[in-house]
Amino acid sequence: MRTTRTRFAALGAVALLGLTGCGAAVGEEPVGPNGLPQQLVWSTYNVGTGTYNDLAAIANTLTNEEGVQVRLMTADTGIGRLAPLVNGTVDYSRAGDEYYYAFEGDYEYASPEWGPQDLRMVWAPLGNYGLLVREDSGIDSFADLEGKRFPELTANTSINNKMEASSTTAA
C-alpha cells in the first residue's frame, strides 16, 4: 500500500529523472500504466561516485514505486557518457561540463561528428568543488591560487579549464 510519503518520493524521483542530464530524442517505447516508459537507460559516472549513487537511488525508487526498470551505463570520460546519448543507446546522460562542450562544438567535440550537438539541458545541479592542498603549501584562501601551476589532466577538459581559471582569476 502506498502512502502519501512514498508517492511523493516516487514523484520526486520522476521529476529528478526529467531534470537530470541531457535529454535525447527517444523513440517509441512501451509505456506502463503509470504513463512512464517501462525501461530506461542512463549513462553516468562510474560506480562509487556521488553522481552514480544519486542516480542509483533514483533508479531504485522508480523501480520499487513505479515498476520502471532503469539500467545505468558508466563511463570514465565525458565522451564515454555522451557517445551513447548521441547514438541513441541511452535515453538520458547524467553528464558534467562535457554537455556544454558538445553543444558548442569545443575542445574534444570540435569535429563534424561531435559538435555542435543538438542536446537539451534540463537541469544543471550545483557542483561542490574543492581543492586539497598540503598544510605547508602556503595556500589558505582561493586568492592564494593565483599564479600557481596545476597538472594537465588527460581527457578532462572540464577540470583543466576550472583549474586554469582558478590560477588566473582568483578573487
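Please read all numbers here as calculations on a predicted model, not as lab measurements.

**Student:** Report on the environment of Thr44, specifying residues and quantitative values.
**Tutor:** Structurally, Thr44 can be placed in strand E2 (residues 39-44). The spatial distance from the C-alpha of Thr44 to the C-alpha of Arg81 is 5.9 Å, given a sequence separation of 37 residues. Beyond its immediate stretch of four places on either side in the chain, Thr44 contacts Thr51, Tyr52, Leu55, Leu72, Met73, Thr74, Ala75, Arg81 and Arg94.

**Student:** An account of unusual backbone geometry is requested, with residue identities and associated values reported.
**Tutor:** Positive phi, close to 55°, is recorded for Tyr107, a residue that is not glycine. Tracing the backbone through its elements, the reader meets Tyr107 in the loop between helix H4 (98-104) and strand E5 (120-123).

**Student:** Give a description of the confidence of the model for the chain that names residues and reports values.
**Tutor:** Mean pLDDT over the chain works out to 78, with 75% of the residues at or above the 70 mark. Mean pLDDT across the elements of the chain bottoms out in strand E1 (residues 21-23) (44) and peaks in strand E3 (residues 69-74) (96). The low-confidence segment residues 4-11, where pLDDT is below 50, has six contacts with residues more than four positions distant or belonging to other chains. Across residues 13-26, where pLDDT falls below 50, the model places 42 contacts with residues more than four positions away in sequence or in other chains.

Reading guide: rules and limits
Residues numbered from 1 in each chain as written. Predicted model: local features only at pLDDT ≥ 70, side-chain atom pairs only at ≥ 80, totals over all residues. Heavy atoms only, no water. Helix = DSSP H or I, 4+ residues; strand = E, 2+ residues; numbered from the N terminus. Contact = heavy atoms within 4.5 Å. pLDDT = per-residue confidence, 0-100.

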